[in-house]
Amino acid sequence: MFNLNNPIVDLTVLMEQHKNKFTKSEKKLYNYITENFEEPVYQSLTEIAIACQVGEATVLRFCRKLGYKGYQEFKLALARELSTREKIGNDDSYIGKVRNNMVQVINDTYKLVDEDQLQKAINQIHDARTVVVYGVSSSGIAGLDMQNRLMRIGINIQTITDSHNQVIRSNSVDSETVIIAISLTGSTKDLVDAVKTGKNHGASIIAITNYTESPLTRYADSVLLTSAKENPLDSGSLVSKISQLFVIDLLCTGITMKNYEKAKQTKEQIAQTISNKLY
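Keep in mind it's a predicted model, so treat the numbers as computed, not measured. (Residues numbered from 1 in each chain as written. Predicted model: local features only at pLDDT ≥ 70, side-chain atom pairs only at ≥ 80, totals over all residues. Heavy atoms only, no water.)

Engineer: What should I look at first to understand the overall build of the protein chain in this one?
Structural biologist: Scanning the protein chain for helices and strands turns up twelve helices and five strands. The proportion of buried residues among the 279 residues of the protein chain is 43%. Accessible surface, the protein chain as shown: approximately 15200 Å² in total, 50% of it carbon and sulfur. (Helix = DSSP H or I, 4+ residues; strand = E, 2+ residues; numbered from the N terminus. Buried < 20%, exposed > 50% of the residue type's maximum accessible area, 1.4 Å probe, protein only. Areas by Shrake-Rupley, 256 points an atom, 1.4 Å probe, with all protein chains shown as cover.)

Here it is as structure tokens:
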């Protein structure tokens, strides 16, 4: 395979070199990428396949023909090339840019809120005996925040960030369990495998993800969309977590409102318990 650590690598040059070898379907990909160079960085394998009206196998074949192991490696090369094209602004420009990105991602996520899906997810959590949250890396951090919020209103919740423990836990769920899977791409294989196992054992599934079309959403009973563009070089960015935390806050607030008296009582008990820990 092509060595991506080699600074000589230029994706556009590679595509031009292989242009005459592309099949009819692969040329659709070539045309789409050259005309929308930034878009594939933020698209899942499923999304780019749909955008180009080709099969996922065609996308993988296209990437391998260029010398990459798969679509993720291809996206990484694309992100690297994009980063070299960007001009660095003045020293204080990043402050406003960060603020604008934060505000923009919340506004974009707000526009994606489907109230029917949100209420369905709230009902799933309300009716469940046990809530299990799956997330890895930065999505796992968002899951831990959700655990902290829901524990404070009396929800029996557990967040698991280790992929092996996720699949182990999925073998002991049942119809009274809801699994909340948090994944920006919806394509993290180990997480999707754990969700599939949980689904087969009767658990209901809530997906918090950036993409409507992904391996994760195929198993979801409710899909709550986030809107956080993140290229492979920005993995784990705070912007993506802000989008996830906004959706999590909607869920937690909705559940609190649905169980207001119980939530209020539990919060007061917790506050009293914690106060005893302070000097």
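We are not done yet, so read on.
Engineer: Can you help me understand the packing of helix H2 (residues 24–35) against helix H4 (residues 56–65) in this one?
Structural biologist: With their axes 9 Å apart at the nearest point, H2 and H4 run at an angle of 75° to one another. Viewed along their axes, H2 and H4 adopt a mutual orientation that is roughly perpendicular. Every residue of H4 that contacts H2 at Ser25, Glu26, Leu29, Tyr30 and Ile33 is listed here: Thr58, Val59, Arg61, Phe62 and Lys65. Looking at the contact of H2 with H4 residue by residue, the class counts come to five nonpolar, two polar and three charged. (Axes fitted to C-alpha atoms, helices over the stretch in contact; angles between N-to-C directions. Parallel < 35°, antiparallel > 145°, perpendicular 65-115°, else oblique. Contact = heavy atoms within 4.5 Å. Nonpolar A, V, L, I, M, F, W, Y, C, P; charged D, E, K, R; others polar.)

Engineer: Any chance you could explain the side chain of Lys75 here in plain terms?
Structural biologist: As for its position among the elements, Lys75 is in helix H5 (residues 71–85). There is no salt bridge for the buried Lys75, and the closest opposite charge comes from Glu47, which lies 7.9 Å off by N-O distance. Side-chain polar atoms of Lys75 contact the backbone oxygen of Val41, separated by 3.4 Å. (Lys, Arg positive; Asp, Glu negative; His and termini not counted. Salt bridge = Lys/Arg side-chain N within 4 Å of Asp/Glu carboxyl O. Polar contact = N/O pair within 3.5 Å; in protein donor to acceptor, adjacent residues only side chain to side chain.)

Engineer: Whenever I open this one, the pairing of strand S4 (residues 204–209) confuses me. Can you help?
Structural biologist: For a regular strand, side chains alternate in direction, first toward one face of the sheet and then toward the other. Within S4, six of the six residues are buried, leaving the element largely enclosed by the surrounding structure. Every second residue of S4 is oriented toward a common face, with Ser204, Ile206 and Ile208 on one face and Ile205, Ala207 and Thr209 on the other, all of them buried. The handedness of the strand S3 (residues 177–183) to S4 crossover, carried by helix H10 (residues 189–200), is right-handed. As defined by bridge partners, S4 adjoins strand S5 (residues 222–225) across four bridges and the pair is classed as parallel. Within S5, the residue paired with Ala207 across the bridge is Val223. (Right-handed = clockwise from strand over helix to strand, strands pointing away. Pairing = 2+ DSSP bridges.)

Engineer: Looking at this structure, I do not really get the packing of helix H8 (residues 138–151) against helix H11 (residues 238–258). What am I missing?
Structural biologist: Two measures define how a pair of helices packs: the angle their axes make with one another and the distance between the axes. At a minimum axis distance of 10 Å, the contact between H8 and H11 shows a crossing angle of 20°. If you check the angle between H8 and H11, you find them roughly parallel. Relative to H11, the crossing made by H8 is right-handed. Contacts between H8 and H11 involve Ser138, Ser139, Ile141, Ala142, Asp145, Met146, Arg149 and Leu150 from the former and Ser240, Lys241, Gln244, Leu245, Ile248, Asp249, Leu251, Cys252, Thr253 and Ile255 from the latter. (Left-handed = near helix turned anticlockwise from the far one by under 90°.)

Engineer: Quick question: what am I supposed to make of the pairing of strand S1 (residues 130–134) here?
Structural biologist: Most of S1 sits out of view: five of its five residues are buried. With burial as the criterion, each face of S1 is covered, one bearing Thr130, Val132 and Tyr134 and the other bearing Val131 and Val133. Note: S1 against S3, five bridges, orientation parallel. Bridging across to S3, Val131 finds its partner in Val178. In this sheet, strand S2 (residues 157–160) lies alongside S1 in parallel orientation, the contact comprising four bridges. Bridge pairing in S2 links Val132 to Gln158. Between S1 and its parallel partner S2, the chain crosses via H8, and the hand of that crossover is right-handed.

Engineer: When you look at the sheet that holds S5 in this model, what are you seeing that I'm missing?
Structural biologist: Hydrogen bonds between backbone atoms are what pair the strands of a sheet, whose relative direction is either parallel or antiparallel. An order of S2-S1-S3-S4-S5 is seen for the five strands of this open sheet, with the pairing classed as parallel. Across the chains shown, the open sheet's two edge strands, defined by having one partner strand only, are S2 and S5. Pairwise comparison of adjacent strand axes, ignoring direction, gives a mean angle of 15° for this sheet. Contacting S1, S2 and S3, H8 runs over the sheet at an angle of about 165° to S2. Packed on one face of the sheet, helix H9 (residues 163–170) meets S1, S2 and S3 and runs near 150° to S1.

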